[in-house]
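Residue-level structure breakdown
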Amino acid sequence: MGGAVGVLGLVWAQSTDGVIGGGGTLPWRVPEDTAHFKALTTGTTVLMGRATWESLPPRFRPLPDRRNVVLTRDRAYRAPGAEVVHDLDAALDAALAAGDVWVAGGGQVYRAALARAQRLVVTDVDVRVPGDTTAPQVGPGWVLRAQEPAAGWATSSAGPRFRIRTLERAAG
Ligand SMILES: NC(=O)c1ccc[n+]([C@@H]2O[C@H](COP(=O)([O-])OP(=O)(O)OC[C@H]3O[C@@H](n4cnc5c(N)ncnc54)[C@H](OP(=O)(O)O)[C@@H]3O)[C@@H](O)[C@H]2O)c1
């Protein structure tokens with residue numbers, strides 16, 4: 001996109017079956033992933049759907065030290081501490097002109113933004129859980145750039161095994 005100085009990334013955590021949410025919340029607790037999300041997104045713009053914004057406990061929103069942008073079709077919607085936008089492409093253009101942007105969910109907004117994303121940072125959580133929201137399908141055209149740990153899994157202090165994969169668009 002002309003004028004972009006930043007990179008657009010999507011960041012999410014998914015279960016073995018690709019579940020990312022259930023009942024408006026995360027179906028697991030992995031504090032290391034929460035810390036990773038904070039480190040990755042601090043100083044950038046985080047863009048999220050209205051449902052994800054509302055899933056954040058009020059005391060945790062807006063996410064600190066980040067520009068928070070909330071996408072909704074509701075012209076009257078207010079999200080104190082965040083910028084409310086109604087047009088995804090226009091919002092991405094504006095935010096990317098200022099720097100890096102991370103789409104932080106949820107399922108609808110990941111799907112809508114995937115076509116423009118240059119990188120994906122995916123935490124695999126080794127659990128099987130019921131849910132109503134799934135990660136977007138990552139088709140061909142993405143290459144694995146990094147994986148942490150390089151082989152196998154880390155174990156969360158809260159129990160589940162997890163690993164973090166970074167994918168980038170393949171050249172060409
Ligand atoms: N595991 C993870 O990494 C992760 C990350 C984030 C969220 N989540 C989970 O995901 C779930 C929420 O995801 P979700 O798919 O239900 O909702 P969502 O993507 O967070 O938000 C959906 C809302 O965004 C607005 N929207 C979506 N596309 C739009 C567009 N093109 N233009 C304008 N507005 C648009 C609409 O708001 P209005 O209805 O107001 O118009 C829509 O109802 C929760 O369970 C949450 O915990 C998981």
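Preceding this paragraph is the structure being described.
Residues numbered from 1 in each chain as written. Predicted model: local features only at pLDDT ≥ 70, side-chain atom pairs only at ≥ 80, totals over all residues. Heavy atoms only, no water.

A closer look at the nonpolar core
Using the following cut-off: Residues belong to one nonpolar core when they are buried, are Ala, Val, Leu, Ile, Met, Phe, Trp, Tyr or Cys, and are joined through side-chain atoms within 4.5 Å. Remark: exposure states derive from per-residue accessible area (1.4 Å probe, protein chains only) relative to the maximum for the residue type, with buried under 20%, exposed over 50%, and partly exposed in between. Each helix corresponds to a stretch of at least 4 residues labelled H or I by DSSP, and each strand to a stretch of at least 2 residues labelled E; elements are numbered beginning at the N terminus. Residues count as neighbours in contact if any of their non-hydrogen atoms are within 4.5 Å of one another.
Leu-10, Trp-12, Leu-47, Leu-92, Val-103 and Leu-120 are the most contacted members of the largest nonpolar core, which has 25 residues in total. Among the secondary structure elements, those contributing two or more residues to this core are β1 (8-14), β4 (67-71), α3 (88-96), β6 (101-103), α4 (107-113) and β7 (119-125). The greatest single-element share of this core, amounting to five residues, is contributed by α3. Discounting residues that sit within four places of it in the chain, Leu-120 has contacts with Leu-10, Trp-12, Leu-114, Val-138, Trp-142, Arg-165, Thr-166 and Leu-167. Counting residues in hydrophobic clusters, the runner-up holds 21 residues, among them Val-70, Val-121, Phe-162 and Ile-164.

Observations regarding the pattern of salt bridges
Quick reminder of the rule: Any carboxyl oxygen of Asp or Glu that lies within 4 Å of a side-chain nitrogen of Lys or Arg is treated as forming a salt bridge with it.
Under the defined criterion, the tally for this structure stands at 10 salt bridges. Across the salt bridge formed by Asp-17 and Arg-128, the nearest N and O atoms sit 2.7 Å from each other. Remark: Arg-128 occurs in the loop between β7 and β8 (133-134) and Asp-17 occurs in the loop between β1 and β2 (19-21); sequence separation between them is 111 residues. Residue class for Arg-128 comes out exposed when judged on its relative accessible area of 63%.

Quick word on the layout of surface pockets
Applicable threshold: The rule is simple: put a 1 Å grid over the protein atoms alone, call a set of points where a 1.4 Å probe fits but cannot get out a cavity, call an open set with protein on both sides within 12 Å along at least five of seven lines a pocket, and count a residue as lining if it has an atom within 4 Å of a point. Grid points are joined across faces, edges and corners, and a volume is the space filled by probe spheres set on the points. In the scheme used here, Gly and all other residues not listed as nonpolar or charged are polar, with Ala, Val, Leu, Ile, Met, Phe, Trp, Tyr, Cys and Pro taken as nonpolar and Asp, Glu, Lys and Arg as charged.
Of the pockets and cavities examined, the largest pocket occupies roughly 1,500 Å³. Considering the residues around the largest pocket, the lining is formed by 45 residues, among which Leu-26, Thr-52, Ser-55, Leu-56 and Ala-104 are closest to the centre. Listed by contribution, the elements that provide at least two residues to the lining of the largest pocket are β1, β2, α1 (31-41), β3 (45-49), α2 (50-55) and α4. Sorting elements by how many residues they give to the lining of the largest pocket places α1 first, with six residues. When the residues that make up the lining of the largest pocket are grouped by side-chain class, the tally is 22 nonpolar, 16 polar and seven charged. Its volume calculated, the second largest pocket comes out at about 190 Å³. Taken together, 13 residues line the second largest pocket, and the ones lying closest to its centre are Gln-14, Ala-135, Pro-136, Gln-137 and Val-138. If you list the elements that add at least two residues to the lining of the second largest pocket, you get β1 and β11 (161-169). Here the residues of the lining of the second largest pocket sort into six nonpolar, four polar and three charged.

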